[in-house]
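# Secondary and tertiary structure notes
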Amino acid sequence: MLRLLGLLLLVSVAAPSATGGEERPLRLVTFNLLHGGPWSGFTGDDQHLEARLAMMTEELAALRPDVVALQESPVTRWRGDVAGRLAGALGLHYVHARATERVLWPRLLGRLIMGVLGFVEGPAILSRFRITATEIHDLPRCRRWLDPRVALRAEVQTPGGPLTVFSTHVSRDDCQMRRVAELAGAAGDRTTVVMGDLNVT
């Protein structure tokens, strides 16, 4: 439980959140789900994900977040779409980016490989409010060519106005973080938040 709580990051954005008549700052949470890697689709050994998912659901229900950014969110033959399951349990909208399908070019080859493994993972965004648009941005592979990383962008329509949310997981690669900064900067004067497992200083 302490490990899970240590992974949760709770921040506020200066925009009202009218949920159930209550006015409060937007509540944002980001954390890495931790999966068992691509072989977990075969073995089912995924770091006790089912038990951790029950804890996540309980803790997130208590936090009542407006937006949740997930990293390492898997879809496996053993557990199904974990972000979708979490969103369903919490009554949230969600979008998921299948980063690992981009491991090879053409992309169809990556899809076939991940399909055989029964595993795919990437960032996800869950939202109490309607998600009006999404986009997946490939991040550069400056160091690791077989380690595809993406930034998932979602436009969320909050009671205080539109909010641009990014969820990403960079691989200790400064050039990836620079690209994320460029993407966030391109949002102009729109309120934007970047959340993720950043692995960089």
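Only a predicted model underlies this, so the values are computations on that prediction, with no experimental measurement involved. (Residues numbered from 1 in each chain as written. Predicted model: local features only at pLDDT ≥ 70, side-chain atom pairs only at ≥ 80, totals over all residues. Heavy atoms only, no water.)

### Here's the deal with the state of the cysteines
We count it as follows: The term disulfide is used for any two cysteine sulfur atoms that are within 2.5 Å. Per the convention used, a helix needs a DSSP run of H or I reaching at least four residues, while a strand needs a run of E reaching at least two, with both numbered from the N terminus. Categorising residues by exposure relies on relative accessible area from a 1.4 Å probe, with only protein chains included: less than 20% of the type maximum marks a residue as buried, more than 50% marks it as exposed, and the intermediate range marks it as partly exposed.
Applying the stated criterion across every chain yields a total of one disulfide. One disulfide in the model links Cys142 with Cys175; its S-S distance is 1.9 Å. Judged by the sign of its S-S torsion, about 120°, the bond between Cys142 and Cys175 is right-handed. Of this pair, Cys142 sits in the loop between β7 (131-138) and β8 (150-158) while Cys175 sits in helix α6 (residues 174-185); the two residues are 33 residues apart in sequence, bridging distant segments of the chain. Exposure remark for Cys175: the relative accessible area of 11% places this residue in the buried category.

### Comments concerning the packing of helix α3 (residues 49-63) against helix α4 (residues 82-90)
What counts is decided by this rule: Note on geometry: axes are C-alpha line fits, over the in-contact stretch for helices, and angles between N-to-C directions span 0 to 180 degrees. Take the far helix as your reference; a near helix turned counterclockwise from it by less than a right angle gives a left-handed crossing, and one turned clockwise gives a right-handed crossing. Here, residues are in contact when the closest pair of their heavy atoms is within 4.5 Å.
In contact at an axis separation of 10 Å, α3 and α4 are set at 35° when each is read in the N-to-C sense. Of the two elements, α3 crosses α4, and the hand of that crossing is right-handed. Across the interface between the two elements, Leu49, Glu50, Leu53, Met56, Thr57, Leu60 and Ala61 of α3 pack against Val82, Arg85, Leu86, Ala89 and Leu90 of α4.

### Considerations on the pattern of salt bridges
Rules: For this analysis, a salt bridge means a side-chain nitrogen from Lys or Arg found within 4 Å of a carboxyl oxygen belonging to Asp or Glu.
Tallied over the full model, the rule gives 10 salt bridges. For the salt bridge of Arg190 with Glu155, the shortest nitrogen-to-oxygen distance reads 2.7 Å. Here the residue Arg190 occupies a position in the loop between α6 and β10 (192-197), and Glu155 occupies one in strand β8, the gap between them amounting to 35 residues. Glu182 is the partner of Arg179 in a salt bridge, and the nearest nitrogen-oxygen pair spans 3.2 Å.

### Points about the sheet that holds β10
Test applied: Following DSSP output, two strands are said to pair if at least two bridges run between them.
The strand order across the open sheet formed by four strands is β7-β8-β9-β10, and the pairing between neighbours is mixed. Each having just a single partner strand, β7 and β10 make up the two edges of the open sheet. Mean inter-strand twist for the sheet, computed between neighbouring axes without regard to direction, equals 20°. Across six bridges, the pairing between strand β9 (residues 161-169) and β10 is parallel.

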